[in-house]
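A structural walkthrough
One-letter residues, chain by chain:
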Amino acid sequence: MGRDRSPLLAPPRVGPLQALPWLLIAAAYFAFPSYLSFGSGILIMALFALSLDLALGYAGILTLGHAVFYGTGAYAAGLIALAGWREPITGVLMSGGLSAILAVIVGILVLHLRGLPQIMTTLALGVIFYEVANKLTSVTGGDDGLQGIRLDPVFGVFDWTVYGHTAYLYTAAWLLLMFLVAWRLTGSPFGLALQGIRINPLRMQMIGAPIAHRLMKVFVISGFMAGVAGALSAQTTKFVGLEVYSLNLSAAVLVMLVLGGLGRLYGAFVGTAVYMIVHHIAAIADPYNWMFVIGVLLIGVVLLARGGLLGVADRALRFVRRWP
Amino acid sequence: MSVAAFILVYGLSYGMVLFIISVGLAVTLGLMRVVNMAHGSFAAVGGYLAVAMMTQWSVPFPVAVIVATLGTALISVPIERFLYVPIYEAGELDQVLLTIGLVFVSIAGLNLAFGPNQAPTSLPRWLEASTDIGPIAVQNYRLMIIVVGALLIAALWLVFDRTDFGARLRAAVERRGMAAAVGINVNRLFTIAFALGSGLAGLGGALGYQVLPLEPTYPFKYLALFLVVVSIAGLGNIRATAAMALLVGLIDTALRYFFPAAGAFALFAILIVIQFWRYRAAFRIWY
Amino acid sequence: MNGPVLEAIGLTKRFGALVVAQQISLTLAPGARRALIGPNGAGKTTFVAMLSGALRPDGGTVRLAGEDVTGMAPHRRARRGLARTFQVNSQFGPLTVLENVFLAVSEHAGFGGRMLRPAASHRALIEQAEALIAKLDLGAERHLPVSAISYGKQRVVEIALALAARPKVLLLDEPAAGIPSAEAARVFDVLEKLPVEMAILMIEHDMAIVRRFAAEVTVLVGGVVLMSGTPSEVLSSPDVRRVYLGRAEPQAGQGAVHAGA
């Protein structure tokens, strides 16, 4: 068997396969006009999963507490709007910025750890944020959450309609922007170094890489993106509840990402879409049915289909290409 | 009864339930090095089995608990063989993911079998009643838990530190290949240890059905708690797990009484501090 | 350049009550070819770990080109010209040979932190990596994942990763360990072609390799330097013989010391 190229050093491709997800996102806008708020929800989760892919899929940071960045972005955006600053885009940037700052602090606590200690510390941080938010009812609204968030029209022109047209396009635009950042990042020497750190941190040190700084950089970027996702959630649903800090959410986004495939950016899109659609359809019959399907899929991915759904698609494509 | 007695009785019994459930996790996590997020599922299965037997077939409490424990241990065997064996040598991420998948499946299954509502937590009359110990009237249920827990601690110490089985298990974990080479059947040993751990979880779930009420989301709801107890104690350290669980029970009960505002997060903050301290050498050479 | 390129002065390391390394001193001049030998558990790997920065010594100093690096993190020492290979292959298995070497080249050139342009556009770096791969005769498998090539070639990749940083000092930990003899020639070839001015310290068990490549030999026993000298001095010394064979006099039919006992 022979290979003719090194995939990570190949020039980035922009072809039909890369354009496909965006065409689908655009098509959905026209094809499912009554499902646009659900669609926005998927796009927001996809962004959240994308942020996790940078940290986990590429850099190998094991975290069961990524919701701390999402939740902080959400509450920040909600509080900023309720305080009177209703410009949406700067609201998102400020919320993302706050999450990025939080990422520095969290990074100091977790990035030098590995394996189970890292998982446990990130999990514990998530629980702490949840409990604190639960207790600070004067700030977060506690169980009732932040309600009645109102925003100015985007660019002063696009009003927020009840059916979610603006919200969908607004969210899609942010997703595209963040995706381009992630795409550039992962294709750069820095992105390659991140994978090196994930595969063999000791070796990376010995070839001169300052792994602490690299991991901190990607963690901050990831935290920023997760914060943006949370802020978008607050702005589009006009509501922020405690679940934005929940362990359930940290676990759910991990599952979404793995289902789609780690370390491939679009895995976040595929996994999120599948997860949320399955949830939506199965939950109509019984609120717990979807857990069965997702659970089985997850077990299947670990035991059989490494690389998630995109990995399976890869293998199928290679099989098809081998036919004369 | 006085405040101190209240905290002592309720804190200790709560801690005992945590211990009985968590010690199984200490075994799989610490001794078998598997990150088992589905441990709470086995506790839930044990609890639900016991409650179902008592409510549907009027089985007396002690019998229900014993059958539930054995049943959970038995159920764990095929699960271990088919789902855990492939991930023993896998990385932490794979283990986390597979066991989370198992949690999801178990929650759906529990909901299917027992419905979405919380299971009944009423006690049989003889457990509801109280016994006088000196000046204090202690509810029999709580007393029973403390006594069973204490007996269990003694029994486990005996098994792990004093028997062949314990020695072999510790050997198999330290040097798996070497242990196999000297004739220890590692696979069977792991199956037995896993059944033991899961059975204990079932026992804890059954005994503690009023302390930790049963509902379909039980496996996920209390998971963080079990993980934290075991992590702070140091993996595989059964004595420390016992001490830690009891401490958690006491402190948590005391906090709820005196400072309801503190909430559960004190425990998790302690975990973060302890992990930071434990790995401070790694932190120092990190930057 | 003047002065020694690597100095270890009185390095000591304790693990609890066990003293693994005791006052080990060693100096490498530019162009040195020194072998570090000793029975298992003598502290050779610990010593190299202290030199490379993976372990902090409990006492003593490490100087790299005159600069005190005793407390310096491994990656900073690597940037100052220290490179090492590992006894058990330590590479980026799922990545191709070219990607592996590119990583090392890119870090050395200071481009590892660049986020904006695709890796593919850094043509100069790719060419450097290709050149090193060609020099080490790995061209045919450069697009194969490292985990998929033969063990012998993996050992060469191991050396490539160290060489990519154009080090002043190279620490080799049993470079030919575990390679079937058919493949070993490839590694010897590489070792012979190493730049003359590079200082090399090699941990070795195979006395044939020691005799072939080393100009000086240091013997480490029980964490202490037993003696230092040319290969023939060391290998015919009765003290060294005793350590390896348990007796001082050569027996009939026995040549000099051959480790592996």
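Residues numbered from 1 in each chain as written. Chains lettered and ligands numbered in written order. Predicted model: local features only at pLDDT ≥ 70, side-chain atom pairs only at ≥ 80, totals over all residues.

1. So, the overall build of chain B
Scanning chain B from terminus to terminus reveals 14 helices and two strands. The C-alpha radius of gyration computed for chain B amounts to 19 Å, which stays within 12% of the reference 19 Å derived for 287 residues, consistent with globular compactness. Taking the intrachain contacts of chain B between residues at least 6 apart in sequence as the baseline, contacts between residues at least 24 apart amount to 77%. (Helix = DSSP H or I, 4+ residues; strand = E, 2+ residues; numbered from the N terminus. Rg over C-alpha atoms; globule rule 2.2 N^0.38 Å. Contact = placed C-beta atoms within 7 Å.)

2. Describing the overall build of chain C
Looking only at helices and strands, chain C has nine helices and ten strands in total. Taking 261 residues into account, the globule formula puts the C-alpha radius of gyration at 18 Å, and chain C, at 19 Å, falls close to it. The C-alpha extent of chain C, read off along each of the three principal axes, is 65 × 40 × 35 Å.

3. Some points on the confidence of the model for chain B
Averaged over all residues, the pLDDT of chain B equals 86, while 95% of them reach at least 70. Within chain B, the element-level pLDDT minimum falls on helix α8 (residues 176-181) of chain B, averaging 68, and the maximum on helix α3 (residues 61-84) of chain B, averaging 95. (pLDDT = per-residue confidence, 0-100.)

4. Digging into the interface of chain B and chain A
Taken residue by residue, the interface counts 39 residues in chain B and 36 residues in chain A. At the level of elements, α4 (92-114), α11 (223-233), α13 (265-278) and α14 (280-286) of chain B are the ones that each hand at least two residues to the side of chain B that touches chain A. Ranked by residues supplied to the side of chain B that touches chain A, first place goes to α4 of chain B with 14 residues. Residue composition of the side of chain B that touches chain A, grouped by class: 32 nonpolar, five polar and two charged. (Nonpolar A, V, L, I, M, F, W, Y, C, P; charged D, E, K, R; others polar.)

5. Observations concerning unusual backbone geometry
Peptide bonds are, in most cases, trans, and in most cases residues other than glycine have a negative phi. Backbone geometry at Ser-58 of chain B places phi at a positive 50 degrees, although glycine is not the residue there. Relative to the helices and strands, Ser-58 of chain B resides in the loop between α2 (39-57) and α3. For Arg-166 of chain C, which is not a glycine, the phi torsion comes out positive at approximately 45 degrees. Mapped onto the fold, Arg-166 of chain C is located in the loop between α5 (151-163) and β7 (169-173).

6. So, the interface of chain A and chain C
Listed per partner, the contact involves 29 residues of chain A and 37 residues of chain C. For the side of chain A that touches chain C, the elements supplying multiple residues, two or more each, are α7 (165-187), α8 (189-199) and α9 (201-206) of chain A. Of all the elements, α8 of chain A adds the most residues to the side of chain A that touches chain C, at six residues. Considered class by class, the residues forming the side of chain A that touches chain C number 16 nonpolar, seven polar and six charged.

7. Describing the environment of Ala-266 of chain B
Here Ala-266 of chain B lies in helix α13. With 99 residues separating them in the primary sequence, Ala-266 of chain B and Ala-167 of chain B have C-alpha atoms 36 Å apart.

8. So, the packing of helix α4 (residues 88-110) of chain A against helix α5 (residues 115-135) of chain A
Residue and element names in this part refer to chain A. At a minimum axis separation of 10 Å, α4 and α5 run at an interaxial angle of 145 degrees. Crossing angle aside, the handedness with which α4 passes α5 is right-handed. Contacts between α4 and α5 pair Val-106, Leu-109 and Val-110 from the former with Gln-118, Thr-121, Thr-122 and Leu-125 from the latter. Looking at the contact of α4 with α5 residue by residue, the class counts come to four nonpolar, three polar and no charged. (Axes fitted to C-alpha atoms, helices over the stretch in contact; angles between N-to-C directions. Left-handed = near helix turned anticlockwise from the far one by under 90°.)

9. Quick word on the environment of Gly-229 of chain C
All names here are of chain C. Relative to the helices and strands, Gly-229 is located in strand β10 (residues 224-229). Judged by C-beta crowding, with 15 C-beta atoms within 10 Å, Gly-229 ranks as partly exposed. Along the primary structure Gly-229 and Val-105 are separated by 124 residues, whereas in three dimensions their C-alpha atoms are 35 Å apart. (Buried ≥ 20, exposed ≤ 12 C-beta atoms within 10 Å, placed from the backbone.)

10. Some remarks on the nonpolar core
Within the largest apolar cluster, 284 residues are counted, with the highest numbers of intra-cluster contacts made by Leu-47, Val-255 and Leu-298 of chain A, Val-229 of chain B together with Val-101 of chain C. Element by element, the count of residues in this core is highest for helix α1 (residues 3-31) of chain B, at 16 residues. Leaving out residues up to four positions away in the same chain, Val-255 of chain A has contacts with Tyr-275, Ile-294 and Leu-298 of chain A together with Ile-100 of chain B. (Core = buried A, V, L, I, M, F, W, Y, C linked by C-beta atoms within 7 Å.)

11. Brief notes about the sheet that holds β7 of chain C
Picture the strands of a sheet paired through backbone hydrogen bonds; they go either parallel or antiparallel. Residues and elements named next belong to chain C. The strand order β6-β7-β8-β3-β9-β10 describes an open sheet built from six strands, whose pairing is mixed. For this open sheet the edge positions go to β6 (82-84) and β10, each flanked by a neighbour on one side alone. Each adjacent strand pair in this sheet contributes to an overall mean axis angle of 20 degrees, direction not counted. This element, helix α1 (residues 44-52), spans β3 (33-37), β6, β7, β8 (199-203) and β9 (216-221) of the sheet and lies at about 150 degrees to β7. (Pairing = 2+ DSSP bridges.)

12. Digging into the pairing of β8 of chain C
Residue and element names in this part refer to chain C. Counting buried positions along β8 yields five of five residues, so the element is predominantly enclosed. Of the two faces of β8, the one holding Ala-199, Leu-201 and Ile-203 and the one holding Ile-200 and Met-202 are both buried throughout. Relative to β8, β3 is paired through four bridges, and the arrangement is parallel. In the sheet register, Leu-36 faces β8, and the bridge partner there is Ile-203. Across five bridges, β7 lies against β8 in parallel orientation. Its bridge partner lying in β8, Leu-172 is registered against Met-202. For the handedness criterion, the β-α-β arrangement of β7, helix α6 (residues 181-192) and β8 is classed as right-handed. (Right-handed = clockwise from strand over helix to strand, strands pointing away.)

13. As for the packing of α5 of chain A against α11 of chain B
With their axes 11 Å apart at the nearest point, α5 of chain A and α11 of chain B run at an angle of 130 degrees to one another. The angle between α5 of chain A and α11 of chain B falls in the class oblique. At the point where α5 of chain A passes α11 of chain B, the crossing takes the left-handed sense. Contacts from Met-120, Leu-123, Ala-124 and Val-127 of chain A of α5 of chain A reach α11 of chain B at Ala-224, Leu-227, Val-228 and Ser-231 of chain B. By residue class, the composition of the contact of α5 of chain A with α11 of chain B is seven nonpolar, one polar and no charged. (Parallel < 35°, antiparallel > 145°, perpendicular 65-115°, else oblique.)

14. Focus on the sheet that holds strand β5 (residues 67-68) of chain C
All names here are of chain C. Ordered in space as β2-β1-β4-β5, the four strands form an open sheet in which the pairing is antiparallel. Each of the sheet's edge strands pairs with one partner strand only, and the pair in question is β2 (18-28) and β5. Bridge count between strand β4 (residues 59-64) and β5: two bridges; the pairing is antiparallel. In the strand pairing of β5, Arg-63 is matched with Asp-68. Across the sheet, α1 is in contact with β1 (6-15), β2 and β4; its angle to β1 comes to roughly 120 degrees.

15. Some remarks on the environment of Pro-11 of chain A
Note that Pro-11 of chain A resides in the segment before α1 (16-31). The sequence separation of Pro-11 of chain A and Leu-249 of chain A amounts to 238 residues, and the corresponding C-alpha distance is 36 Å.

16. A closer look at helix α3 (residues 67-82) of chain A
Residues and elements named next belong to chain A. For α3, built from 16 residues, the straight-helix expectation of 22 Å at 1.5 Å per residue is met to within 8% by its first-to-last C-alpha distance of 22 Å. Counting buried positions over the 16 residues of α3 gives 14, a clear majority of the element. Positioned one or two residues after α3, Gly-84 has a phi angle of 120 degrees, which is positive. (Expected span 1.5 Å × (residues − 1).)

17. Considering the confidence of the model for chain C
Residue and element names in this part refer to chain C. Across chain C, the average pLDDT comes to 86, with 93% of residues at or above 70. Per-element confidence in chain C is highest for helix α3 (residues 97-108), whose mean pLDDT is 94, and lowest for helix α9 (residues 238-245), whose mean pLDDT is 78. The model gives residues 251-261 a pLDDT under 50, and that stretch makes 16 contacts with residues more than four places away or in other chains. Prediction confidence for the complex, expressed as pTM and ipTM, is 0.90 and 0.88 respectively.

18. Here we look at the pairing of β1 of chain C
For a regular strand, side chains alternate in direction, first toward one face of the sheet and then toward the other. Residue and element names in this part refer to chain C. Strand direction decides the pairing type here: β1 and β2, joined by seven bridges, are antiparallel. Considered in β2, the bridge of Arg-14 is made with Val-19. Connecting the antiparallel pair β1 and β2 is a turn made up of two residues, with Gly-16 showing a positive phi of about 65 degrees. Note that β1 and β4 share five bridges and pair antiparallel. If you follow Ile-9 over to β4, its bridge partner there is Thr-61.

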